[in-house]
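Per-entry structural report
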Amino acid sequence: MTGARWPDLAGRIVQDAEGQRHILPVRVYFEDTDAGGVVYHASYVRFAERGRTDFLRLLGTDARRMIDGTDSREPAAFVVRRMSFDFARPARMDDLLEVETRVKELGAASVTLDQRISRDGVPLVSAEVVVVLVSISGKPLRLSDTVRKAFEAHAEGRKNSSA
């Protein structure tokens, strides 16, 4: 690739009545399914991870820059502390899904995210994920002012017109 950006490759941030949310389209491939062509439950974990990663990227702080230390005072990464999933309906091979990510709550070193995976507006899976910023040495780190402000601008219920 020559450096030209593909439109919406990392999804997009949109405004709605509840604030801002990140939406990432995901196509279901054969590798995501079981023998019956139904999405395997662990695939939803990967889809949610992609949504969180691209949300962070669009906020201006990508995982690679955090890990190599160019984005913080020391090398760090967001790690999953807790996640819970509710599986309401199945997805199938070739479905086009949307992974929606919203900021629910900010802690000193953590971010709680609500994630929804849907097909044609029909909710399939919901998840609550708590990630913690941890240094490479393993200790929790406070969110930097830059990262905190980026997440606060997208917090649930916050009306922000700059998308």
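That block above? That's the structure.
Presented here is a report on the structure given in the accompanying data block. (Residues numbered from 1 in each chain as written. Predicted model: local features only at pLDDT ≥ 70, side-chain atom pairs only at ≥ 80, totals over all residues. Heavy atoms only, no water.)

1. A closer look at a nonpolar patch on the surface
On the surface, Val45, Val80 and Met83 cluster together to form a nonpolar patch covering roughly 190 Å² of accessible area. Within the fold, Met83 resides in strand E3 (residues 76–87). (Patch = residues over 30% accessible without salt bridge, like charges linked within 9 Å, V, L, I, M, F, W, Y side chains within 5 Å. Areas by Shrake-Rupley, 256 points an atom, 1.4 Å probe, with all protein chains shown as cover. Salt bridge = Lys/Arg side-chain N within 4 Å of Asp/Glu carboxyl O. Helix = DSSP H or I, 4+ residues; strand = E, 2+ residues; numbered from the N terminus.)

2. Quick notes on the pattern of salt bridges
Tallied over the full model, the rule gives 10 salt bridges. Between Arg52 and Glu49 there is a salt bridge whose closest N-O contact spans 2.5 Å. Of this pair, Arg52 and Glu49 both sit in helix H1 (residues 41–58), 3 residues apart, roughly one helical turn. On the accessibility criterion, Arg52 (8% relative accessible area) is buried. Three or more residues joined by partner-sharing salt bridges are found here, namely Asp16, Arg21, Glu100 and Arg102. (Buried < 20%, exposed > 50% of the residue type's maximum accessible area, 1.4 Å probe, protein only.)

3. Brief notes about helix H3 (residues 145–152)
Considered for burial, the residues of H3 that qualify are Val147, Arg148, Ala150 and Phe151. Projected down its long axis, H3 shows its buried positions confined to an angular sector of 160 degrees, all on one face. Opposite its buried face, H3 presents the exposed residues Asp145, Thr146 and Lys149, each directed more than 90 degrees away. Summarising the contacts, the buried residues of H3 are in contact with H1, E3, strand E4 (96–106) and strand E5 (110–119). (Arc of directions from axis to C-beta. Contact = heavy atoms within 4.5 Å.)

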